[in-house]
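One-letter residues, chain by chain:
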Amino acid sequence: LHDALPILCWVCLVFFGKNIIGISNISIRPNCIFSNNYKLLEVHLFNLNINLYGKYIEVFIYKKIRDEKKFTSKKKLIYQIHQDIAQVKQYFTYQ
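As a starting point, this report considers the structure included with it. The shown structure was predicted, so the numbers you read here are calculated from the model rather than taken from an experiment.

**Some points on the pattern of salt bridges**
- Per the stated rule, a full pass over the model turns up 2 salt bridges.
- Ionic pairing is found between Lys64 and Asp67, a salt bridge with its closest N-O pair at 3.0 Å.
- The class for Lys64 is partly exposed, based on a relative accessible area of 40%.
- Between Asp84 and Arg66 there is a salt bridge, with its nearest N and O atoms 2.8 Å apart. Pair noted here: Asp84 is in helix α1 (residues 74-93) and Arg66 is in strand β4 (residues 58-67), with a separation of 18 residues, a long-range link. Of the two residues examined, Asp84 and Arg66, each falls in the buried class.

In structure tokens:
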């Protein structure tokens, strides 16, 4: 990933034959024990159950959701993920 891309959680669309709503995170994975301090783009796509590993996709980033954060518990991380997903769905409901 380009160094200019900020470490944030984003609303995104992915194009893989069609537009697919999702949430993306540009991160150094502060909540993962395997973090290596390299920027990583992670994308979660809604309502899609296919393996895209090794496939070419286009990710379009639209709106910042929040800054990266290290959570003190797994429960707090899961709660925040649900809040983030709700924001993404609301964003596309009103677009």
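**Focus: the sheet that holds strand β2 (residues 19-27)**
- Taken together, 4 strands build an open sheet; the order of strands is β3-β2-β1-β4 and the sheet is antiparallel. On the outer flanks of this sheet lie β3 (40-45) and β4, each paired with one strand and no other. Taken over all neighbouring pairs, the strand axes of this sheet differ in orientation by 30° on average, direction set aside.
- In this structure, strand β1 (residues 8-15) lies alongside β4, joined through 8 bridges in antiparallel fashion. The residue of β4 that forms the bridge with Cys9 is Arg66.
- Sheet strands touched by α1: β1, β2, β3 and β4. Its angle to β4, the strand with the most contacts, is close to 120°.

Definitions and limits used
Residues numbered from 1 in each chain as written. Predicted model: local features only at pLDDT ≥ 70, side-chain atom pairs only at ≥ 80, totals over all residues. Heavy atoms only, no water. Salt bridge = Lys/Arg side-chain N within 4 Å of Asp/Glu carboxyl O. Buried < 20%, exposed > 50% of the residue type's maximum accessible area, 1.4 Å probe, protein only. Helix = DSSP H or I, 4+ residues; strand = E, 2+ residues; numbered from the N terminus. Pairing = 2+ DSSP bridges. Axes fitted to C-alpha atoms, helices over the stretch in contact; angles between N-to-C directions. Contact = heavy atoms within 4.5 Å.

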